[in-house]
Amino acid sequence: MATINKNAIQQVVTLVSNKRIGAYHQILLNVGDVVKSCRPGNFVAIRVGGDSSKMILRRAFAISRVADNSQYGGTMELIVAPHGSGSKWLCSQQEGAEIDIIAPLGTAFGIPTEPINALLIGGGYGSAPLFGLADVLKNRGCKVDMLLGASVGSKIYAPMEGKRSVNSLKIYTEDGSMGETGRVTENLLDIVRDRNVDVIYSCGPMAMLSAITALVAETEVIHQCAVEESMACGVGICMTCVLPVQNEDGTTLMLRSCIDGPVMDGSNVRWDLVGKVPEALA
Amino acid sequence: MTLPVDMSTTLGNAWFPAPLFTASGCASSGKELAQFFPLNQIGAVVTKSVMSKPRHGRPTPRMAETPSGMLNSIGLQGPGIDSFLANDVPWLLEQKARVIVSIAGETVEEYSTLARKLRSVSGISAVEVNISCPNVENRGLVFACDPDASRRVIDGVRKTIGGDLPIIAKLSPDVTDLPSIARGVVDAGADGLALINTVLGMVINIDSMRPHLGGKTGGLSGPAIKPVAVRAIYQVHAALPKVPILGMGGVASGRDALELILAGASGVSIGTASFGNPSAIIEIQNELRDLLAARGFATMQQAIGYAHREEA
Ligand SMILES: Cc1cc2nc3c(=O)[nH]c(=O)nc-3n(C[C@H](O)[C@H](O)[C@H](O)COP(=O)(O)OP(=O)(O)OC[C@H]3O[C@@H](n4cnc5c(N)ncnc54)[C@H](O)[C@@H]3O)c2cc1C
Ligand SMILES: Cc1cc2nc3c(=O)[nH]c(=O)nc-3n(C[C@H](O)[C@H](O)[C@H](O)COP(=O)(O)O)c2cc1C
Ligand code: FES
């Protein structure tokens, strides 16, 4: 009997569409009933390169959104940055291509039972899962504000229809080519105070997640972040994806970000120890 | 129509209904794979090498994909033997899975301590002794690369564990004379051999212009090392034809598994292939059955070492 990734299935699915949006590709997959068990924050592990590829490991992508569409059945949207050979292969796949996926994997963002004030912060393609999350929060009566940041405007992913689920959207770019010049962390504490933010949900580069954690450390705000560590298996069997996370009793453990994450409580992650080894265990 | 093939195998006095196993460190303690196939359908779950104390392992990055392979530097992260025996083994036995426990140590004494703890555990099928670990008492030289240290580890485990539980010594291919190391550990009391552990390698990141892995060097696994595994198994089977070998290294299909068996393996462990496909073991087992049937083998065991037969 499985106790981990209980809803995950491996299947070969069909690519419905592949559109370029700025620096990214918006990829839509026809995945069927599995959409019913996908939650915002979960990710998908995709086999890349075709059958005779020298790439033997899957690539992880956040599930941006799922829909139970009348035309295609269940569809899953991904926002993919062409980075190295695996992600470029995925971005080169055309309509009708068969893609081998395992989903849904990992933890999901915690959804409050009360209508709270939520602030969603995305860096680069990290905004992908936040729009699906915004829909869910909005349906629960939450107030949803969003901050997105990237180095340049082409790396901001903010679809028109997604904007409907947020009360406000503020964009920052480091070169000023879109929105305000600067970073999402610029006036974060003011925003948190002015809008009475209860929970921050974030997804983006590790440096951004760590900076947000440090900024809100002295506040009451809960910070749920989706981390990104290099993963060999995505299902918990290889121990490559670990992050130092503090326990209730104060000890630090190396937890697998694929099954104990990607969504983690930012205040528990020992950001200072990422890439290092914690003090010896007793 | 082909007749069903008897897929059962033995390693020492342990019997398994099927010849495919997980590879240590590539299935954690089994729970994670249970979503993808019933664990009792394979030969056995070989668990991640466990040490006497809990361990954090090495810093990240811990892996780098390489052409048809990967490097890993996990550093034996784990919960320690006490927690492992209290939590992981009972769960596996509840699933009716057969279990081979892999142990690792930093000193000859640590291996014996681990063996002592295993002696009283009922239900496990065998112990795999991972001796590809740095020996802290000898400037970090890997036990498996030192014939004398290899022998002393296995001798210590044999003496503490007593009679029945089969001991499988897992060897490193990074040695000059593998058959002589194999003979040494068999003389010291190993009932079987596991071949091969990963091959030492390194990747340098050309942006940082430093070794990519946190641990600098790492173990190469995956299809890239399959020919090394076939060679190692062939050489050792030729030297010690009566000693059962649990073969591994780059197996990703039924054809690969058959190749290792023909070279002399009595069973085959699947490691890295499970990362790309968590149900790989079951698929490979089914492919192997069909390949054996197509070649007229009534039992898997008839194929063991078949590549060594005399020219007709
Ligand atoms: C939980 C999670 C969610 C992600 N979500 C998205 C997303 O929504 N959109 C998107 O574009 N990318 C996402 N990524 C990053 C994406 O997985 C990497 O860009 C991709 O694996 C790079 O593979 P490559 O072959 O193109 O690059 P290479 O650099 O050639 O990859 C080599 C190896 O390193 C690993 N690797 C390299 N970069 C990363 C990275 N940044 N994160 C993890 N592994 C890496 C690869 O998996 C591969 O095994 C996510 C990663 C994780 C872990
Ligand atoms: C991520 C990873 C972790 C491993 N951990 C262990 C381990 O704890 N003990 C051990 O004996 N071998 C370990 N190995 C080696 C494998 O068990 C196996 O011998 C090797 O990977 C070759 O097989 P493969 O190519 O099928 O992966 C590990 C391999 C990998 C890739
Ligand atoms: S990626 Fe393998 S354990 Fe997390």
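This write-up is about the structure you can find in this document. The structure presented is a predicted model; accordingly, all values stated were derived computationally and were not measured.

### Quick word on the site of ligand 1
- Around ligand 1, 18 residues are found, and the nearest of them are Ala60(A), Ala81(A), Gly86(A), Ser87(A) and Glu228(A).
- Those chains with residues close to ligand 1 are chains A and B.
- A distance of 2.8 Å is found between an oxygen atom of ligand 1 and a backbone nitrogen or oxygen belonging to Gly84(A).
- Sorting the residues of the shell around ligand 1 by element identifies β4 (59-62), β6 (73-80) and α1 (85-91) of chain A as the ones contributing at least two each.
- Top contributing element to the shell around ligand 1 by residue count: β4(A), with four residues.
- The class makeup of the residues in the shell around ligand 1 is nine nonpolar, six polar and three charged.

### A short note on the site of ligand 2
- The local shell around ligand 2 holds 24 residues, among which Ser24(B), Ser49(B), Lys170(B), Gly250(B) and Thr272(B) are the closest.
- Bordering ligand 2 are residues originating from chains A and B.
- Ile196(B) is positioned with one of its backbone polar atoms (N or O) 2.9 Å from an oxygen atom of ligand 2.
- Bound to the protein, ligand 2 loses 98% of the 610 Å² it would expose on its own.

### Re the pattern of salt bridges
All names here are of chain A.
- Applying the stated rule across the entire model yields 24 salt bridges over all chains.
- Lysine 36 serves as the salt-bridge partner of aspartate 68, at 3.9 Å between the closest nitrogen and oxygen. Of this pair, aspartate 68 sits in strand β5 (residues 65-69) while lysine 36 is found in the loop between β2 (24-30) and β3 (43-46), placing the two residues 32 residues apart along the sequence. The pair aspartate 68 / lysine 36 is uniform in exposure class, with both members exposed.
- Aspartate 145 is paired through a salt bridge with arginine 195; the nearest N and O atoms lie 3.5 Å apart. With a gap of 50 residues between them, aspartate 145 in strand β9 (residues 143-150) and arginine 195 in the loop between α4 (188-194) and β12 (199-203) connect regions that are remote in the sequence.
- Owing to a relative accessible area of 30%, arginine 195 belongs among the partly exposed residues under this scheme.

### Examining the state of the cysteines
Residue and element names in this part refer to chain A.
- Tallied over the full model, the rule gives zero disulfides over all chains.
- With no disulfide of its own, cysteine 38 lies 16 Å from the sulfur of cysteine 203, the closest cysteine sulfur.
- The thiol of cysteine 142 is unpaired, and the distance to the nearest cysteine sulfur, on cysteine 203, comes to 19 Å.

### Details of the nonpolar core
All names here are of chain B.
- Residues Ile103, Val129 and Leu171 are the most contacted members of the largest nonpolar core, which totals 111 residues.
- Ranked by residues supplied to this core, first place goes to helix α8 (residues 280-294) with eight residues.
- Those residues in contact with leucine 171 that sit more than four places away from it in its chain are Ile131, Ser132, Leu178, Ile181, Ala182, Val185, Leu193, Ala194, Leu195, Ile196 and Asn197.

Scoring rules and cut-offs
- Residues numbered from 1 in each chain as written.
- Chains lettered and ligands numbered in written order.
- Predicted model: local features only at pLDDT ≥ 70, side-chain atom pairs only at ≥ 80, totals over all residues.
- Heavy atoms only, no water.
- Near = heavy atom within 4 Å.
- Polar contact = N/O pair within 3.5 Å; in protein donor to acceptor, adjacent residues only side chain to side chain.
- Helix = DSSP H or I, 4+ residues; strand = E, 2+ residues; numbered from the N terminus.
- Nonpolar A, V, L, I, M, F, W, Y, C, P; charged D, E, K, R; others polar.
- Areas by Shrake-Rupley, 256 points an atom, 1.4 Å probe, with all protein chains shown as cover.
- Salt bridge = Lys/Arg side-chain N within 4 Å of Asp/Glu carboxyl O.
- Buried < 20%, exposed > 50% of the residue type's maximum accessible area, 1.4 Å probe, protein only.
- Disulfide = S-S within 2.5 Å.
- Core = buried A, V, L, I, M, F, W, Y, C linked by side-chain atoms within 4.5 Å.
- Contact = heavy atoms within 4.5 Å.

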